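Structure at a glance
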Amino acid sequence: MLPGMDGLQVCRTLRTESDVPVIMLTAKTTESDKLTGLDLGADDYVTKPFSPRELAARIKVVLRRTVSESLERGPEEVAYGELKMNFRQHSVSVAGGPVALTPTEFRLLGTLVREAGQVLSREQLIRRVLA
């Protein structure tokens, strides 16, 4: 029901170009509509009316899963100067010595290493690390 292109078409087009998370927020409530949206690649399907708290929770779940999947798709180990990160073992070393990090610190460092040379906003970091 979007102007120019419907949501299903938007989802279909997005899936050919990107693996960005998609949550369909729609007034279409039939089982057929839901199955079509999910079959086209939507990560979740929320019908109106909806609770803003439920929508926020669903967004967190999708982001948590997609961030985790992107870590799994990346290389097992990354070296940046004397820093080495092993994403499978969740280990970090500098100049051969182990570094103890909390899980959040590990995700933050992993994001910075994988995005070396890129400028990330505070909001982008928060979404990637805390989602």
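A few points on the structure. (Residues numbered from 1 in each chain as written. Predicted model: local features only at pLDDT ≥ 70, side-chain atom pairs only at ≥ 80, totals over all residues. Heavy atoms only, no water.)

What follows deals with the side chain of Thr111. By the element assignment, Thr111 lies in helix 4 (residues 103-114). In this structure Thr111 comes out as buried when scored by relative accessible area, which is 11%. There is a polar contact of 2.9 Å between the side chain of Thr111 and the backbone oxygen of Arg107. Discounting chain neighbours no more than four positions away, the residues touching Thr111 are Leu120, Leu125, Arg128 and Val129. (Helix = DSSP H or I, 4+ residues; strand = E, 2+ residues; numbered from the N terminus. Buried < 20%, exposed > 50% of the residue type's maximum accessible area, 1.4 Å probe, protein only. Polar contact = N/O pair within 3.5 Å; in protein donor to acceptor, adjacent residues only side chain to side chain. Contact = heavy atoms within 4.5 Å.)

Scanning the model with the defined rule gives 1 aromatic pair in all. Over the aromatic face of Phe87 sits the side chain of Arg114, whose NZ or CZ is 3.7 Å from the ring centroid. (Phe/Tyr/Trp six-rings, centres within 6.5 Å; stacked < 30°, edge-to-face > 60°. Lys NZ or Arg CZ within 6 Å of the ring centre and 35° of its normal.)

Turning our eyes to something else, we now look at the sheet that holds strand 3 (residues 77-80). One open sheet holds the 4 strands; their spatial order is 3-4-5-6, and the pairing between them is antiparallel. Looking at strand neighbours, the two that pair on one side only are strand 3 and strand 6 (97-99), the edges of this open sheet. Here the strands of the sheet are splayed against their neighbours by 25° on average, with no regard to which way each runs. With 4 bridges joining them, strand 4 (residues 83-86) and strand 5 (residues 91-94) adopt antiparallel strand pairing. Paired with Lys84 across the two strands is Ser93, which belongs to strand 5. Strands strand 3, strand 4 and strand 5 of the sheet are contacted by helix 4, whose axis makes an angle of about 115° with strand 4. (Pairing = 2+ DSSP bridges. Axes fitted to C-alpha atoms, helices over the stretch in contact; angles between N-to-C directions.)

Turning to the packing of helix 4 against helix 5 (residues 122-130), a few remarks are in order. The N-to-C vectors of helix 4 and helix 5 enclose an angle of 125°; their axes lie 9 Å apart at closest approach. With respect to their mutual orientation, helix 4 and helix 5 come out oblique. Relative to helix 5, the crossing made by helix 4 is right-handed. Facing Thr104, Arg107, Leu108, Thr111 and Leu112 of helix 4, the residues of helix 5 in contact are Leu125, Arg128, Val129 and Leu130. Partitioned by chemical class, the residues of the contact of helix 4 with helix 5 number 5 nonpolar, 2 polar and 2 charged. (Parallel < 35°, antiparallel > 145°, perpendicular 65-115°, else oblique. Left-handed = near helix turned anticlockwise from the far one by under 90°. Nonpolar A, V, L, I, M, F, W, Y, C, P; charged D, E, K, R; others polar.)

Purely spatial values, then, with no claim about function.
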